[in-house]
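Spelled out from the first residue to the last, the chains are:
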Amino acid sequence: MAKEKVLITGGAGYLGSVAAEHLLDEGHTVTCLDNLMYRQPSLLHLAHRGGFEFVYGDARDEEVLKSLVPKHDVILPLAAIVGEGACNARQFEAKSTNTDAVVLINGLRSASQKLIMPMTNSGYGTTTGDILCTEETPLNPISLYGQTKVDAERAILEGDKKGLTLRLATVFGVSPRMRTDLLVNSFVLKAMTDRYLAIFEGNFMRNYVHIRDVARAFDHCIRNFESMEGTYNLGLDEANMSKLDLAKRVAQFVPGTVIREDYEGKDPDKRNYIVSNEKIKRTGFKFEHSLDEGIIELMKAYKILLKLEGTRNN
Ligand SMILES: NC(=O)c1ccc[n+]([C@@H]2O[C@H](COP(=O)([O-])OP(=O)(O)OC[C@H]3O[C@@H](n4cnc5c(N)ncnc54)[C@H](O)[C@@H]3O)[C@@H](O)[C@H]2O)c1
């Protein structure tokens, strides 16, 4: 298959920096547009790659987008204010980046340019934990973050040009722009530092996916764009599990970890659902990276990061 020219907005982020490397490995050229809002040097390791370019700029800037979008075959709009807390604290930025910039890109591209957007499966909102969410399950976002992503997805899926979205489970694993707020990443860090995990609402069911499978899924969508349609859940079936079971799994790898269920405490993240990942598997996509593999790689990374200052405040 011909190499594609891929533009990743937010390409210096947790997902973007891993996806950029994978897509280069697969033979594509990659341009990352990012404002480096976390002062992250996450793309340094790609500087030597011939097919890689970095553009410093704002993913909401129409002039920047007008110059970049037409030069690419594929656009992955990843730039976002991510998570409920960050979005509530920066509401204008959240809406303008997570929704308006994606709508702008969608308007600027031609019908032949592929648009593939990562969506959060938190769009399914809170449920009883016993419903299997398929792509047909109605969306019910319970946070501003979820709403901004649902609005962007709607603009793509209901627009007159074809676009794909991936409804990602909570991602885990190591990235050059490390995020320690994501549940698996956070549990492993807490287990290693405190040997103690306090679990609120431990029966809540969540779904997880390895960051390298997300990067592989972007490539899968690029290669199979013509035969794919609409939106796809992306999570590991084996990792449709309760928070308590996740904590127990982490504790198996970090001996001495004590788990305490806190029956009084409430988790501000009310997600509670089981997700069906059959649709993407029917397109031939195979998940390659397990939860256990992710826990082991996180432990190795934290052994390094914990020797450096500031990891706990990331
Ligand atoms: N990580 C997950 O579990 C997960 C799950 C579902 C969906 N997503 C989606 O994936 C995308 C990437 O998430 P992430 O986890 O990599 O987060 P991240 O915060 O690491 O990445 C976001 C990137 O966007 C950049 N950015 C933010 N505003 C910008 C702007 N105005 N202009 C240019 N760059 C800007 C940041 O510098 C950062 O590099 C987001 O759209 C997010 O909604 C992530």
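As shown above, the structure is provided for reference.
What comes next concerns the included structure. Computed from a predicted model, the values in this text were never measured in an experiment.

## Details of the overall build of the protein
- Along the protein, the regular secondary structure elements total 10 helices and 14 strands.
- In terms of C-alpha radius of gyration, the protein reaches 19 Å, essentially the compact-globule figure of 20 Å for 314 residues.
- Taken over 314 residues, the protein has a buried fraction of 56%.
- Restricting to contacts in the protein with at least 6 residues of sequence separation, those with at least 24 account for 80%.
- Entry remark: accessible area of the protein is about 13700 Å², with carbon and sulfur atoms responsible for 52%.

## Remarks on the nonpolar core
- If you look at the biggest cluster of nonpolar residues, it comprises 64 residues, and the most contacted ones within it are Ile-8, Leu-76, Ile-116, Leu-166, Val-184, Val-188 and Leu-246.
- Formed by 16 residues, the second largest nonpolar core is a distinct cluster that contains Leu-7, Leu-33, Leu-115 and Ile-156.

## Observations concerning the site of the ligand
- What surrounds the ligand is a group of 30 residues, the closest being Tyr-14, Asp-34, Tyr-145, Lys-149 and Arg-179.
- Between the ligand and the protein, one listed contact pairs an oxygen atom with a backbone N or O atom of Met-37 at 3.3 Å.
- The side chain of Asp-58 places a nitrogen or oxygen atom 3.0 Å from a nitrogen atom of the ligand.
- Alone, the ligand offers 830 Å² of accessible surface; in the complex the protein occludes 98% of this.
- Broken down by secondary-structure element, the contributors of at least two residues to the shell around the ligand are helix H1 (14–25), strand E5 (114–120) and helix H5 (144–157).
- Ranked by residues supplied to the shell around the ligand, first place goes to E5 with three residues.
- A breakdown of the residues in the shell around the ligand according to their chemical character gives 17 nonpolar, seven polar and six charged.

## Remarks on the packing of aromatic side chains
- Applying the stated criterion across every chain, the model contains one aromatic pair.
- Note on Phe-285 and Phe-287: the rings are 5.1 Å apart at their centroids and 85° apart in plane angle, and the pair reads as edge-to-face.
- The class for Phe-285 is buried, based on a relative accessible area of 3%.
- Between the NZ or CZ atom of Arg-177 and the centre of the ring of Tyr-38, over which it lies, the distance is 3.9 Å.
- Taking the ring centre of Tyr-232 as reference, the NZ or CZ of Lys-279 above it sits at 4.2 Å.

## Examining the sheet that holds strand E8 (residues 170–172)
- Strand order in the open sheet formed by three strands is E8-E10-E12, and the pairing between neighbours is mixed. Two strands in the sheet have a free side with no partner beyond their single neighbour: E8 and strand E12 (240–242). Going from strand to strand, the sheet's axes swing by 45° on average, the running direction of each strand aside.
- Here strand E10 (residues 205–210) pairs with E12 via three bridges, running antiparallel. Pairing of Met-205 across the sheet is with Ser-242, part of E12.
- In the packing of helix H6 (residues 183–194) onto the sheet, contacts are made with E8 and E10, and the angle to E8 comes to roughly 45°.
- Seen against the sheet, helix H8 (residues 243–253) touches E10 and E12 and runs at an angle of roughly 90° to E12.

## Brief notes about unusual backbone geometry
- Look at Arg-39: it is not a glycine, yet its phi comes out positive at around 55°.
- Mapping Arg-39 onto the fold places it in the loop between strand E2 (29–34) and strand E3 (52–56).
- Take Arg-39: its relative accessible area is 76%, and that puts it in the exposed class.

## Notes on the pairing of E10
- When you tally the buried positions in E10, you get six out of six residues, the bulk of the element.
- The alternating pattern of E10 places Met-205, Asn-207 and Val-209 on one face and Arg-206, Tyr-208 and His-210 on the opposite face, and all of these are buried.
- In the sheet, E8 pairs with E10 via three bridges, with the strands oriented parallel. Residue pairing in the sheet places Val-171 in a bridge with Val-209 of E10.

## With respect to the side chain of Ser-96
- Counting through the fold element by element, Ser-96 comes out in helix H4 (residues 91–108).
- Within the structure, the side chain of Ser-96 is placed 3.0 Å from the side chain of Arg-60, a separation counted as a polar contact.
- Setting aside anything within four residues of it in sequence, one finds Ser-96 in contact with Arg-60 and Ala-101.

## Notes on the pattern of salt bridges
- This model, assessed by the stated rule, comprises 16 salt bridges.
- In this structure, the salt-bridge partner of Lys-162 is Glu-229, at a minimum N-O distance of 3.9 Å. One end of the pair, Lys-162, is in the loop between H5 and strand E7 (164–168); the other, Glu-229, is in the loop between helix H7 (211–223) and strand E11 (231–234), and 67 residues separate them in sequence.
- By relative accessible area, which is 22% here, Lys-162 ends up partly exposed.
- Asp-213 serves as the salt-bridge partner of Arg-216, at 2.6 Å between the closest nitrogen and oxygen. Placement of both Arg-216 and Asp-213 in helix H7 is noted, with a separation of three residues, approximately one turn of the helix.

Cut-offs and rules
Numbering of residues begins from 1 in every chain and follows the order in which that chain's sequence is written. Whole-chain, interface and lining totals are the exception, using all residues; otherwise, since this is a predicted model, local features are given only for residues with pLDDT of at least 70 and side-chain atom pairs are given and counted only at 80 or more. Computation of side-chain values covers all heavy atoms of the structure but excludes hydrogens and water. The numbering of helices and of strands both runs from the N terminus, where a helix is a DSSP run of H or I of at least 4 residues and a strand a run of E of at least 2. In this treatment the radius of gyration is a C-alpha quantity, and the globule benchmark scales as 2.2 Å times the residue count to the 0.38 power. With a 1.4 Å probe rolled over the protein chains alone, any residue whose accessible area is under 20% of its type maximum counts as buried; one over 50% counts as exposed, and the rest are partly exposed. Here, two residues are considered to be in contact whenever any of their heavy atoms come within 4.5 Å of each other. Note on areas: Shrake-Rupley, 1.4 Å probe, and residue coverage restricted to the protein chains presented here. Remark: nonpolar core denotes a set of buried residues (Ala, Val, Leu, Ile, Met, Phe, Trp, Tyr, Cys) joined through side-chain atoms within 4.5 Å. Near, as used in this document, describes a residue that has one of its heavy atoms within 4 Å of the molecule or strand being considered. Polar contact is defined as a pair of N or O atoms within 3.5 Å, subject to the rule that within protein one atom must be able to donate a hydrogen and the other to accept it, and that residues adjacent in sequence are counted only when both atoms are side-chain atoms. The nonpolar class holds Ala, Val, Leu, Ile, Met, Phe, Trp, Tyr, Cys and Pro. Asp, Glu, Lys and Arg form the charged class, and all remaining residues, Gly among them, are polar. When two rings of Phe, Tyr or Trp (its six-membered ring) have centres within 6.5 Å they constitute a pair, described as stacked for plane angles under 30 degrees, edge-to-face for angles over 60, and tilted for the intermediate range. As a reminder, the over-ring test applies to NZ of lysine and CZ of arginine, requiring each to be within 6 Å of the ring centre and within 35 degrees of the ring normal. Being paired, for any two strands, means DSSP has found at least two bridges between them. Here the axes come from fitting lines to C-alpha atoms, over the contacting stretch only for helices, and the angles between their N-to-C directions go from 0 to 180 degrees. A carboxyl oxygen of Asp or Glu within 4 Å of a side-chain nitrogen of Lys or Arg is what we treat as a salt bridge.

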